[in-house]
Amino acid sequence: MVESTVNTETPNPGLSSEEAARRLQQYGPNALQEKKVSPLVKLLGYFWGPIPWMIEVAAILSAAVQHWADFFIILALLIFNAGIGFWQEYTAGNAVEALKKQLALKARVLRDGQWQEMDATQLVPGDIIRIRLGDVVPADVRLVEGDYLSIDQSALTGESLPVTKRTGDEAFSGTVVKQGEVVAEVTATGAHTRFGKTASLVEQAKTVSHFQKAVLTIGDYLIYVSLALVAILVLVQLHRHAPWLDLVQFALILTVASIPVAMPAVLSMTMAVGAMALSKQKAIVTRLESIEEMASMDVLCSDKTGTLTQNRLTLGNIEVFHAEDDQAVLLAAALASRGEDKDAIDEATLEGLKDRAMLAAFHQTAFVPFDPVHKRTEATIQDASGRTFQVAKGAPQVIMQMAGLSGEEQNRAQQVVDAFARQGYRALGVARKESGAPGWRFLGILSLFDPPREDSAATITSARDYGVSVKMVTGDNLSIAQQIASKLGLGSHILKADALPIDGTDQQASIEAVEKADGFAEVFPEHKFAIVKIFQQRNHITGMTGDGVNDAPALKQADVGIAVSGATDAARAAADLVLTSPGLSVIIRAIEEARRIFERMNAYAIYRISETIRIMFFVVLAMVFFDFYPITAIMIILLAFLNDVPIMAIAYDHTGLEPDPVRWDMRQVITVATAMGIVGVVGSFGMLLLTMDWLHLTVDQIQTYVFLKMAVAGHLVLFVARTRGHFWERPWPAPIMVWSAVITKLAATLLAAYGFGFITPISWLEIALIWGYSILSALLTDIVKVQVYRHFGHRCARHKGFLDRMKQPLHVFGQHK
């Protein structure tokens, strides 16, 4: 932290541009520092690792034996995979950067003797800034000029009430000004602020995506299967005294083609497409893997204020004591308000007046704003005849004491306050004192409440339809929490925070009570962390919403941390999903998109495993039994190219929508994929025997037959793998997926017809025979797949009923799916 002295006696011109630039160089920008990796380093990273190494060795061996066509195609494959992966990561990163630019704070700064507005990131210690109502304090500052500031520090300290700061006091970065206007001097910026130090602790918490672990497990499984089969092939061929250089080159190329080289790119593209769709719906994904976690999320802990409710106080019933009617009580309360302060209670009071024009007959000559000590506002009023009087509104107990209520009246007032509290309403006492009168007259009690958002109940119902249990989390008292919960249809079983086992003890009864609760009241940020941990201990994939610095640890701990609209930078930094519009409905859309992404990735996993089995087992067994290459190295590389393009299009595919949270069923995935792969191996051997024993073709022609059959049948398997039902049933594939398959099939067919110097050409009649054979093979694969799913007892009835409720055809983000 850097301190500098400001003379408040004389006008201060602020820092000069040159001095500010020097300090910016010295102390860095006023922002939380992020570790950034050079784009070039990121790009080079795609050429480093086990899979790229294998491709690179294959390229070197191709050059060593002077197979230049193989060399250039292998090189192109390497660059293609690296380019796709890098571009998708780069694009996703840009989306997050764009969000941060949208959210950038501005500051009014005195530089070179002139007030100017600039990005808060450019502030340096010693800058003179002006802070006023509604501002987020952009750095740690010391107040040097002005009366006072009323500051909401809840995001930083957890204090629920605003605190008053006067000249000489410090105000902290990230806090919000509720009243007042001052000039202040910046004392600390960036990571040196209290905000920055608190946020930096969050970086120590790290989580790993369940979904990513499952996909990488599949990748490892495929690599082990491929390497085992290649080892068998190499041993058999070496026993037959095959040229070892050609053999090693072929083995490497075969391995590269069989293992999931494109998996990182497919993952990145699929998630980035989902992230871009969500960004259009006012939700920015800051960690791509979190989209996958949302597909599995079964518990969502949601803030009440501003998320389930409108965060806008609304006038309720009015209890009249010593006033003509409820409008007279409300008029006195309105006169004790100041509209320009944008205070929530004042605004609710003014909006409740039937005719705001009546305020024009009165003039406010003095006003004392609310403060946590006196707990009331007071105003001195002059009416049209020049008569003056005082009005006050505030905490009922304070106003009752001012008016000297006693006996029955005091009991009645207390009963009214208690009744409002039971309904979840805040009570506000109103009193009036005539000029020269000995005391205050108690006019009545107003009730105020924060109404639920119009979409909240429907959103909670939708969440339940998706198998997600919504738990309300609020700092308000139990009565308010129960009242809002009942209005939203959440249930009435609300736990107070003191029932949570946050002392580290494993109290089984308490943990079970937390799991069964519909919500939690009187919660502080540390309770949120405990709630998340408890649900995770009970094997729930948990989402948590939050907005303050103190919420950041809970957001980081949650499987899906969600920073709600208006959240602090620290909360956004810790969150996986940042909402830029109020409410929960966007989270439901995120769940929908996440489950669609899961279906795409599930389809990709099944396709990838079945393809590895189909290619590896066929090629290795054919070479072992028939002692010739059923497909050449260059054909394998071309197949890898032709398969990767439509695979990228899976990111845009139309999918069904699972009614419940989805998690990997690895036994089902591997069984379905293996069954499909075995059908493919049998089909390939059928084609091989057809060419050898019936058509009596040469080895070169047989290789072309096998190449075209694998290219056509391989893509058809992708369409088979993408659904649990028959591939011709809805939802139908996306046009981009169909066209990418058509174009690559056409390319493979033209290659088979004309060769182009890469392969031996065959006739169009033979091509038609291969196409017909491949289509029949795909139909057989589809029948086997459906039977395997039926064996697993897939929840067809539940799935169908859910889709009926969702009114197929599905619509997501306004686009036909």
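Below or above, wherever it landed, is the structure these notes cover. These figures come from a predicted structure and were not determined experimentally.

1. Section: the overall build of the protein chain
Scanning the protein chain from N- to C-terminus turns up 28 helices and 24 strands. Sequence separation of 24 or more characterises 73% of the internal contacts of the protein chain that already satisfy a separation of 6 or more. As presented, the protein chain carries roughly 35,300 Å² of accessible surface, and 58% of it is formed by carbon and sulfur atoms.

2. A closer look at the sheet that holds strand S13 (residues 376–382)
Reading across from one edge, S11-S16-S15-S14-S13-S12 is the order of the six strands in this open sheet, with antiparallel pairing throughout. Strand pairing shows two members of the sheet lacking a second neighbour, strand S11 (314–320) and strand S12 (363–368), which therefore form its edges. When strand polarity is set aside, the average angle formed by the axes of neighbouring strands in this sheet is 25°. Across seven bridges, S13 lies against strand S14 (residues 388–394) in antiparallel orientation.

3. Brief notes about unusual backbone geometry
Although it is not a glycine, His241 sits at a positive phi angle of roughly 65°. As for its position among the elements, His241 is in the loop between helix H7 (210–239) and helix H8 (244–258). Residue class for His241 comes out exposed when judged on its relative accessible area of 72%.

4. As for the environment of Arg722
Note that Arg722 resides in the loop between helix H25 (699–721) and helix H26 (735–754). Taking the C-alpha atoms as reference points, Arg722 and Tyr604, separated by 118 residues in sequence, lie 7.6 Å from one another. Non-local contacts of Arg722, meaning those with residues more than four positions away in its chain, are made with Ala603, Asp653, His654, Pro731, Trp732, Pro733 and Met737. Of note is the side chain of Arg722, whose polar atom sits 2.6 Å from the backbone oxygen of His654. Reaching out from Arg722, the side chain makes a polar contact with the backbone oxygen of Trp732 at a distance of 3.5 Å.

Each value, and the rule that gives it
- Residues numbered from 1 in each chain as written.
- Predicted model: local features only at pLDDT ≥ 70, side-chain atom pairs only at ≥ 80, totals over all residues.
- Heavy atoms only, no water.
- Helix = DSSP H or I, 4+ residues; strand = E, 2+ residues; numbered from the N terminus.
- Contact = heavy atoms within 4.5 Å.
- Areas by Shrake-Rupley, 256 points an atom, 1.4 Å probe, with all protein chains shown as cover.
- Pairing = 2+ DSSP bridges.
- Axes fitted to C-alpha atoms, helices over the stretch in contact; angles between N-to-C directions.
- Buried < 20%, exposed > 50% of the residue type's maximum accessible area, 1.4 Å probe, protein only.
- Polar contact = N/O pair within 3.5 Å; in protein donor to acceptor, adjacent residues only side chain to side chain.

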